[in-house]
Amino acid sequence: MRLFLWNAVLTLLVTSLSGALIPEPEVKIEVLQKPFICHRKTKGGDLMLVHYEGYLEKDGSLFHSTHKHNNGQPIWFTLGILEALKGWDQGLKGMCVGEKRKLIIPPALGYGKEGKGKIPPESTLIFNIDLLEIRNGPRSHESFQEMDLNDDWKLSKDEVKVYLKKEFEKHGAVVNESHHDVLVEDIFDKEDEDKDGFISAREFTYKHDEL
């Protein structure tokens with residue numbers, strides 16, 4: 001009887017554990033195109049310039065394309081801080097300039113139960129993404145110190161813009177003043193939590209620690 005009870009307990013334990021071990025959702029990644037030479041791969045905190053097309057898996061319908069819906073312009077986003085989708089943060093790591101990937105993103109890493117716009121709730125999404133450029137993003141303590149020109153432990157828009165301009169020039173990129181203004185406004189919209197017109201050391205390093 002004791003052996004029978006022990007076996008029953010073991011059976012219940014194994015059953016409960018196997019039921020609890022629900023696999024984490026993952027992004028399926030397919031590399032469609034890769035450059036012969038890769039000088040740098042993307043990592044958390046990098047600014048990425050991409051063109052993309054997004055489709056619904058269930059019927060293949062296009063819901064957004066930078067080629068068609070963004071005046072043909074690519075977009076910048078920061079990798080690893082949930083600026084876009086969780087699925088993008090997972091699926092675009094270790095990517096090279098000139099590489100093209102296909103991401104199949106489950107609902108939990110996309111727009112989930114709520115959906116968004118043309119995207120119904122619980123939708124699996126397919127993205128074809130081309131990486132055009134990689135830039136250093138303002139994501140490290142070293143970057144903060146370099147950006148904080150007057151050592152007041154907070155960053156103004158001018159300080160961030162100066163830093164981005166230097167990064168672009170360092171990599172031989174053409175400096176587009178109007179594009180930098182848009183990029184800086186976008187950074188402050190996401191980082192300046194208390195909306196006081198500055199990014200404090202706390203706001204900056206809090207984001208950094210999430211990477």
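Basis of the calculations
- Residues numbered from 1 in each chain as written.
- Predicted model: local features only at pLDDT ≥ 70, side-chain atom pairs only at ≥ 80, totals over all residues.
- Heavy atoms only, no water.
- Buried < 20%, exposed > 50% of the residue type's maximum accessible area, 1.4 Å probe, protein only.
- Helix = DSSP H or I, 4+ residues; strand = E, 2+ residues; numbered from the N terminus.
- Pairing = 2+ DSSP bridges.
- Expected span 1.5 Å × (residues − 1).
- Phe/Tyr/Trp six-rings, centres within 6.5 Å; stacked < 30°, edge-to-face > 60°.
- Lys NZ or Arg CZ within 6 Å of the ring centre and 35° of its normal.
- Core = buried A, V, L, I, M, F, W, Y, C linked by side-chain atoms within 4.5 Å.

A. Representation of the pairing of strand 2 (residues 47-56) in the model. Within strand 2, eight of the 10 residues are buried, which leaves the element mostly enclosed by the surrounding structure. Sheet topology note: the strand 2/strand 4 (residues 75-78) ladder contains four bridges and is antiparallel. For L49, the partnering residue across the bridge sits in strand 4 and is W76. One ladder, built from 10 bridges, connects strand 2 with strand 6 (residues 125-135); its direction is antiparallel.

B. Region of the structure containing helix 5 (residues 157-170). Taking 1.5 Å per residue, 14 residues should reach 20 Å; helix 5 reaches 20 Å between its end C-alpha atoms and fits that length. Every buried residue of helix 5 is accounted for by E159, V160, Y163, L164, E167 and F168.

C. Spatial organisation of unusual backbone geometry. The backbone of E122 sits at a positive phi, close to 55°, despite the residue not being glycine. Topologically, E122 is positioned in the loop between strand 5 (100-105) and strand 6. Backbone geometry at D151 places phi at a positive 55°, although glycine is not the residue there. For D151, the location among the structural elements is in the loop between helix 4 (141-147) and strand 7 (154-155).

D. Seen up close, the packing of aromatic side chains. Applying the stated criterion across every chain, the model contains five aromatic pairs. Here the aromatic rings of W88 and F127 are separated by 5.4 Å at their centres, their planes lie at 90°, and the arrangement is edge-to-face. Taken together, the positions of W88 in helix 3 (residues 86-91) and F127 in strand 6 put the pair 39 residues apart, joining distant regions of the chain. Just as W88 is buried, F127 falls in that class too. A network of ring pairs unites the aromatic residues Y52, F63, F77, W88 and F127 as a single cluster. The ring of F198 carries K154 above its face, with NZ or CZ at 4.3 Å from the centroid.

E. How the structure looks around the nonpolar core. One finds W88, L92, I105 and F127 to be the most contacted residues of the largest nonpolar core, which totals 21 residues. For this core, the secondary-structure elements that each account for two or more residues are strand 2, strand 5 and strand 6. In terms of residue count, strand 6 provides more of this core than any other element does, five residues in total. Core analysis: the second largest hydrophobic core is formed by 17 residues, L49, M147, L183 and I199 among them.

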